[in-house]
Amino acid sequence: MNGDRQDLKRINAYIDGELSSAEAAEVAGALALDRALAERVATLSHLKATIQASLETPDVELHGGGAPHGSHLRYAMAMVACAAVLLLVVFGATMAPWWPGRHAPTALTRAWELHAAWTRESDAAAPRSPAGGAVLAALEAVGPHVYLPDLTAARLTLDSLRVVRLDDGTKALHAGYLGTRGCRISLVVIQGANDLPGELTEFERAAGQSYVWRSGGHGYFLLAEGMDPGRFAVIADSVYRASQEMNPFDSETRTALRESRERSAPCHA
Amino acid sequence: MANAQHERIEAYLARLFGYAISLANDRETARDLVQECAVKALSAGRIPQDEAAYRAWLFRILRNAFLDRQRRETGTPIIDNDLSDVEEDAQIWRYDDRMISVLTVRLGLTRLSEAHREIIALVDFGGFTYAEAAGFLEIPRGTVMSRLSRAREALLETIKESNVQPMPRDERRAMK
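Residues numbered from 1 in each chain as written. Chains lettered and ligands numbered in written order. Predicted model: local features only at pLDDT ≥ 70, side-chain atom pairs only at ≥ 80, totals over all residues. Heavy atoms only, no water.

Caption draft 1: Geometry of the packing of helix H7 (residues 229-245) of chain A against helix H8 (residues 251-263) of chain A. Residues and elements named next belong to chain A. Axis separation between H7 and H8 bottoms out at 9 Å; the angle between their running directions is 160°. Between H7 and H8, the angle falls in the class roughly antiparallel. By crossing handedness, the relation of H7 to H8 is classed as left-handed. On the side of H7, the interface is formed by Arg-231, Val-234, Ile-235, Ser-238 and Arg-241, while H8 contributes Thr-253, Ala-256, Leu-257, Ser-260 and Arg-261. For the contact of H7 with H8, a count of residues per class yields four nonpolar, three polar and three charged. (Axes fitted to C-alpha atoms, helices over the stretch in contact; angles between N-to-C directions. Helix = DSSP H or I, 4+ residues; strand = E, 2+ residues; numbered from the N terminus. Parallel < 35°, antiparallel > 145°, perpendicular 65-115°, else oblique. Left-handed = near helix turned anticlockwise from the far one by under 90°. Contact = heavy atoms within 4.5 Å. Nonpolar A, V, L, I, M, F, W, Y, C, P; charged D, E, K, R; others polar.)

Caption draft 2: Spotlight on the pairing of strand S4 (residues 201-205) of chain A. All names here are of chain A. Bridge analysis of S4 against strand S5 (residues 208-215) gives five bridges, and the strand direction is antiparallel. The partner of Thr-201 across the bridge, within S5, is Val-212. Hairpin remark: S4 followed by S5, antiparallel, with two residues in the connecting loop. (Pairing = 2+ DSSP bridges.)

Caption draft 3: Structural context of unusual backbone geometry. Residue and element names in this part refer to chain B. The backbone of Asn-25 shows a phi angle near 60°, a positive value even though the residue is not glycine. Tracing the backbone shows Asn-25 in the loop between helix H2 (13-24) and helix H3 (27-42). Residue classification places Asn-25 among the partly exposed residues on the basis of a relative accessible area of 32%. Even without being a glycine, Glu-138 presents a positive backbone phi close to 60°. (Buried < 20%, exposed > 50% of the residue type's maximum accessible area, 1.4 Å probe, protein only.)

Caption draft 4: Structural view of helix H1 (residues 5-15) of chain A. The buried fraction of H1(A) amounts to eight of the 11 residues, a majority that puts the element mostly inside the structure. Among the residues of H1(A), Arg5(A), Asp7(A), Leu8(A), Lys9(A), Ile11(A), Asn12(A), Ala13(A) and Ile15(A) are the ones counted as buried. Those residues of H1(A) that are buried are in contact with helix H3 (35-53) of chain A together with helix H7 (130-137) and helix H8 (141-160) of chain B.

Caption draft 5: Region of the structure containing the sheet that holds strand S3 (residues 184-191) of chain A. All names here are of chain A. Spatially, S1-S2-S3-S6-S5-S4 is the arrangement adopted by the six strands of the open sheet, whose pairing is antiparallel. The sheet is open, and its two borders are formed by strand S1 (157-165) and S4, each paired with just one other strand. The mean inter-strand angle of the sheet, taken between neighbouring strand axes irrespective of direction, is 20°. Running over the sheet, H7 touches S3, S5 and strand S6 (218-224) and is turned about 15° from S5.

Caption draft 6: Quick look at the pairing of S6(A). Residues and elements named next belong to chain A. Among the seven residues of S6, seven are classified as buried, and the element is accordingly described as predominantly covered. Where burial is concerned, the two faces of S6 agree: the one with His-218, Tyr-220, Leu-222 and Ala-224 and the one with Gly-219, Phe-221 and Leu-223 are both buried. Alignment of S3 against S6, held across seven bridges, turns out to be antiparallel. Pairing of Ser-186 across the sheet is with Leu-223, part of S6. Note: S5 against S6, seven bridges, orientation antiparallel.

Caption draft 7: Looking closely at the nonpolar core. Membership of the largest hydrophobic core comes to 61 residues, with the highest contact counts inside it found for Leu62(B) and Ile120(B). Here this core spans two domains, since at least three of its residues come from each of domain 1 (2-72) and domain 2 (84-175) of chain B. Those residues in contact with Leu62(B), other than ones at most four positions away along the chain, are Leu16(B), Tyr19(B), Ala20(B), Leu23(B), Leu33(B), Val34(B) and Cys37(B). Judged by nonpolar contacts, the second largest core, of 38 residues, contains Leu156(A), Leu222(A), Ala224(A) and Tyr240(A). (Core = buried A, V, L, I, M, F, W, Y, C linked by side-chain atoms within 4.5 Å. Domains from an automatic or database assignment.)

Caption draft 8: Geometry of the packing of H3(A) against H8(B). In contact at an axis separation of 11 Å, H3(A) and H8(B) are set at 85° when each is read in the N-to-C sense. Accordingly, the angle class assigned to the pair H3(A) and H8(B) is roughly perpendicular. When H3(A) is examined against H8(B), the residues Thr43(A), Leu44(A), Leu47(A), Lys48(A) and Ile51(A) are found in contact with a partner set consisting of Arg152(B), Leu155(B), Leu156(B) and Ile159(B). Considering only residue class, the contact of H3(A) with H8(B) consists of six nonpolar, one polar and two charged.

Caption draft 9: Summary view of the state of the cysteines. All names here are of chain A. The final tally for this structure, using the stated rule, is one disulfide over all chains. Covalently, Cys-183 is tied to Cys-267 through a disulfide, its sulfur atoms 1.9 Å apart. The chirality of the disulfide connecting Cys-183 with Cys-267 is right-handed, given an S-S dihedral of about 95°. Of this pair, Cys-183 sits in the loop between strand S2 (171-178) and S3 while Cys-267 sits in the segment after H8, and the two are 84 residues apart along the sequence. (Disulfide = S-S within 2.5 Å.)

Caption draft 10: Looking closely at H2(B). Residues and elements named next belong to chain B. Given a rise of 1.5 Å per residue, 12 residues ought to cover 16 Å, and the 16 Å separating the end C-alpha atoms of H2 matches this to within 8%. In terms of burial, H2 is largely enclosed, as nine of its 12 residues are buried. For H2, the complete set of buried residues consists of Leu-13, Ala-14, Leu-16, Phe-17, Gly-18, Tyr-19, Ala-20, Ser-22 and Leu-23. (Expected span 1.5 Å × (residues − 1).)

Caption draft 11: Spotlight on the packing of aromatic side chains. Residue and element names in this part refer to chain B. Overall, the coordinates contain nine aromatic pairs over all chains when judged by the stated rule. Measuring from centroid to centroid gives 5.6 Å for Tyr-12 and Tyr-54, while their planes differ by 65°, and the two rings are edge-to-face. Linking Tyr-12 in the loop between helix H1 (2-10) and H2 with Tyr-54 in helix H4 (residues 51-74), this pair joins segments that are 42 residues apart in sequence. In this structure Tyr-54 comes out as buried when scored by relative accessible area, which is 1%. Counting every residue linked through ring pairs, the aromatic cluster contains Tyr-19, Phe-59, Phe-128 and Phe-136. Over the ring of Tyr-54 we find Arg-8; its NZ or CZ atom is 3.7 Å from the centre of that ring. (Phe/Tyr/Trp six-rings, centres within 6.5 Å; stacked < 30°, edge-to-face > 60°. Lys NZ or Arg CZ within 6 Å of the ring centre and 35° of its normal.)

Structure follows, in structure tokens:
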């Protein structure tokens, strides 16, 4: 085997279990002699396993009679999650004045500058999604334990990723998400940012709303302009909790994100 | 009886969702397609008993729902099944497996052609054999082999591509 097109087809058939036992034995023998070929098979096997691991169950209602199913439970839990978010927002608005940094942290201004730079660019360019390699490279550039959320449940698509070195030498990751109704959200993750609160804290200014928190040794700034405050609170709470756990959103959170969008008006930035 | 049908279709929801995303390339549309597929399947009079036939039947309902939706929206179905499977020289690549993750795979899949997404969805999400996929798509088994091989290569390429952009110099200055 020398890596031509026919070999690629056979290798794919091999990892899919589509070869006869004689053909599979022949490929296995070739793998033992050819390290590059073995690496290729390993990569394709890893890719196949990852594709299968990427499956997720949608939140759909199964009509047609019979007992209620998990979707009802999921809906109820989503409602509880929404209520919890509203409580958190009320609690935050009440308690935040005691936090010494209630005066907006300096880095928040930098985060808004990054948001503004991306907004100007996205006005002038067609939407585009960063390639997977760009995502990993950007995350690695800023450091370990950086959380980048998948906001597609809220119908927000990752449009841009940038790594920027700030004036004090720290690195910041800017992720810009575009919605389908004019919404733009920025998530800025800054190394260190030790003056930020650990809990989710809301700030408002003329330019828009923002939530900040600290997780995993990084400061997180979530920014939006003209977005329904209730919807933005649900998004902020979801990203905040997920960044603490470093896990993707669970189905209840995805439901809450989807329903908060459906209930909200388009953005008016 | 209804509960048994619920449980039977629930076991396929994730795979159907993956396939629906491969067709629609949009999660909300995909969710609607799965919903429509589930409703049709649960209200059907005759349901295949054999598991492989049942799976193919579900995927067929979903595909038809997608084509119906396309007809309503554009007048004609535009599923790209005429993808050229012309032989080309293969490239030998050395790949960093750390680049492959659920996130990069999901992003990568959105950048593939519809035919490439669909063949990956049928084989890797749906668990179709090559022969089953060939029957489902009404193409030769050899075409399934070459299309799948190309689709995985294309997916690896999209994962490998990088477009991290440095901040323009004047904007960096403005941050000071």
